[in-house]
Every structure is written in C-alpha cells, then in structure tokens.
Amino acid sequence: MNNLGRVMDAEELRLVAGNISEWARRVRELRTEEGYQILTHNDRSELKPGEYLLETDKIQPAFERTISKETRAYVLDRNGFTCQMCGAVAGEIHPYDAGRKTRLHIGHILDKSMGGNDEPVNLRAICSVCNEGASNAMLIRPDLARLLVQLRRATSVDQIEVLKWLVKKYPRQADELRKLGE
C-alpha cells in the first residue's frame, strides 16, 4: 500500500515481498484471491513487461477457486508430478532456475479466459517457472513422432542422458524390457 499509484519493477516487488522466490505467485494471489487490481503490461500499454502498478486500494470481489483438492491430486498424479511444459519434477532443483526447487501448480491447457474449463482433461501440472511465463500461452504436447525427431537430432551424449532419465523414471518397465531382450 505504501507504493499505491507508483510503477514498480519486478526487483522492487521481490524486495517488498520479503525477497521470497515465489513473489510473482504472491502478486497473482493478491490479484485473483484478494481482489487487488495490480496492473501489468497486459492491462496497460504504457507499462513495460516486468512493471506493475497498484492503481487503487479498492478491492474487487475475490476469484473463486473451482478446482477441487481431489481434481488437483488426480491431475498431479496423472502427470507424474512433472511439469508438462519443461519436464521439471516436483521437489527437485529446477533445471532452468538452480536457485529454487520445483513447485508444481495446476494450469489450464486452454485458459478460462479463452473458453477453457476446470475439467481434468483441460488441466495439467505446470511448474512455477513455466507458470510465471505462461500467461494464456498454449503449448501443444509433442506426440511420439515429434519426440523421436528431436531425439534423433540430439547428440549421442544427450540421447544417452535421456535413456538414463527414462530408466530412472521407469525402472520396472526397463527391467521388463531387459528380460524380453535376453
């Protein structure tokens, strides 16, 4: 409230939030759950990306969460507790931000503002790093053909790392495949 009407950048907001790594999530919570009108470049053309403005202290009705705990648990389990955009695993050090552990959220594939709904088929696990940059962006999940094309283009060192990761992620299935090959 001390910065009412003043444009602030991301660094200032992080400091005001007590230097927490999840400051952007807190800004979204203040907006959607507590009703503060924190504006960004998506709301005002004169604001640059990374700039924020609390124009008024007038609070709007809070956003109602409609995704149940059961649906959240189902989606996280279905997605293997893995971000469906970057592949980061919950609780592990984030591959694109070594300064924090991966924290998963539930995100919409087709955002509600674009006609999406809260059904599990329209939901996915998404990490906070990808969620901060998502902003109604849709990422189509690659199919087997696209994945194979990308893997074939990768170096053999990277292909071996993918194999190690798959064996670690699916040890039972890897053992079954080894037995079939014997």
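Reading the values: rules and limits
- Residues numbered from 1 in each chain as written.
- Predicted model: local features only at pLDDT ≥ 70, side-chain atom pairs only at ≥ 80, totals over all residues.
- Heavy atoms only, no water.
- Helix = DSSP H or I, 4+ residues; strand = E, 2+ residues; numbered from the N terminus.
- Rg over C-alpha atoms; globule rule 2.2 N^0.38 Å.
- Patch = residues over 30% accessible without salt bridge, like charges linked within 9 Å, V, L, I, M, F, W, Y side chains within 5 Å.
- Areas by Shrake-Rupley, 256 points an atom, 1.4 Å probe, with all protein chains shown as cover.
- Salt bridge = Lys/Arg side-chain N within 4 Å of Asp/Glu carboxyl O.
- Pairing = 2+ DSSP bridges.
- Contact = heavy atoms within 4.5 Å.
- Core = buried A, V, L, I, M, F, W, Y, C linked by side-chain atoms within 4.5 Å.
- Buried < 20%, exposed > 50% of the residue type's maximum accessible area, 1.4 Å probe, protein only.
- Axes fitted to C-alpha atoms, helices over the stretch in contact; angles between N-to-C directions.
- Parallel < 35°, antiparallel > 145°, perpendicular 65-115°, else oblique.
- Nonpolar A, V, L, I, M, F, W, Y, C, P; charged D, E, K, R; others polar.

Student: I'd like a rundown of the overall build of the chain, residues and numbers included.
Tutor: Along its length, the chain carries seven helices and seven strands. Counting helices and strands in the order they occur from the N terminus, the chain gives β-α-α-β-β-α-β-β-β-β-α-α-α-α. For the chain, whose C-alpha radius of gyration is 20 Å, the value lies well above the compact-globule estimate of 16 Å for 182 residues. In terms of principal-axis extent, the alpha carbons of the chain reach across some 70 × 35 × 30 Å.

Student: Outline unusual backbone geometry, supporting the account with residue identities and numerical values.
Tutor: The phi dihedral of F81 falls on the positive side, at around 50 degrees, and the residue is not glycine. Its place among the elements puts F81 in the loop between α3 (69–78) and β4 (93–94).

Student: Describe a nonpolar patch on the surface, naming the residues involved and giving the relevant values.
Tutor: Together, L144, L148 and L151 make up a nonpolar patch on the protein surface, roughly 250 Å² of accessible area in all. When you line up the elements, L151 lands in helix α5 (residues 144–153).

Student: Give a description of the pairing of strand β3 (residues 51–54) that names residues and reports values.
Tutor: Sheet topology note: the strand β1 (residues 7–9)/β3 ladder contains three bridges and is antiparallel. Within the sheet, the bridge partner assigned to M8 lies in β3 and is Y52.

Student: For the environment of M8, give the residues involved together with the corresponding values.
Tutor: The topology assignment puts M8 in strand β1. Not counting the four nearest positions on each side in its chain, M8 is found in contact with N3, L13, V16, G50, E51 and Y52.

Student: Can you lay out the pattern of salt bridges for me, pointing to particular residues and giving the numbers?
Tutor: Side-chain pairs of opposite charge can arise where the charged atoms are in close proximity. With the rule as written, the count across this model stands at five salt bridges. The closest approach of N and O atoms between E11 and R14, which form a salt bridge, is 2.2 Å. Of this pair, E11 and R14 both sit in helix α1 (residues 10–16), three residues apart, roughly one helical turn. For R172, the salt bridge identified is with E176, shortest N-O distance 3.1 Å.

Student: So what's going on with the sheet that holds β1? Which residues, and what values?
Tutor: Here three strands make up an open sheet; going across it, the order is β1-β3-β2 and the pairing antiparallel. One side of each edge strand has no neighbouring strand; the edge strands of this open sheet are β1 and β2 (38–39). Pairing of β2 with β3 involves two bridges; the strand directions are antiparallel. Counted as the bridge partner of L39 is L53 from β3.

Student: Residues and numbers for the nonpolar core, please.
Tutor: Residues C83, C86, L104, I106, C127 and C130 are the most contacted members of the largest nonpolar core, which totals 13 residues. Broken down by element, the residue count for this core peaks at four residues, all from strand β7 (residues 123–127). For I106, the residues in contact, after removing those within four places along its chain, are I67, R72, V75, L76, L123, R124 and I126. If you look at the next biggest cluster of nonpolar residues, it comprises nine residues, including V27, Y36, I38 and Y52.

Student: Give a description of the packing of helix α6 (residues 156–169) against helix α7 (residues 171–181) that names residues and reports values.
Tutor: Contact pair α6 / α7: the axes reach a minimum separation of 5 Å and the direction vectors enclose 105 degrees. Comparing the axis directions of α6 and α7 gives the class roughly perpendicular. Where α6 approaches α7, its residues V167, K168 and K169 are matched on the opposing element by P171, A174 and R178. Counted by class, the contact of α6 with α7 contains three nonpolar, no polar and three charged residues.

Student: Can you lay out the environment of P95 for me, pointing to particular residues and giving the numbers?
Tutor: Structurally, the position occupied by P95 is in the loop between β4 and β5 (97–101). Sequence separation between P95 and D77 is 18 residues, and the spatial gap between their C-alpha atoms is 21 Å.

Student: I'd like a rundown of the side chain of H105, residues and numbers included.
Tutor: Among the secondary structure elements, H105 is positioned in strand β6 (residues 104–108). Apart from the residues lying within four places of it in its own chain, the contact partners of H105 are E22, R25, R124, A125, I126, C127, S128 and N131.

As far as function goes, none of this settles anything; it's purely spatial.
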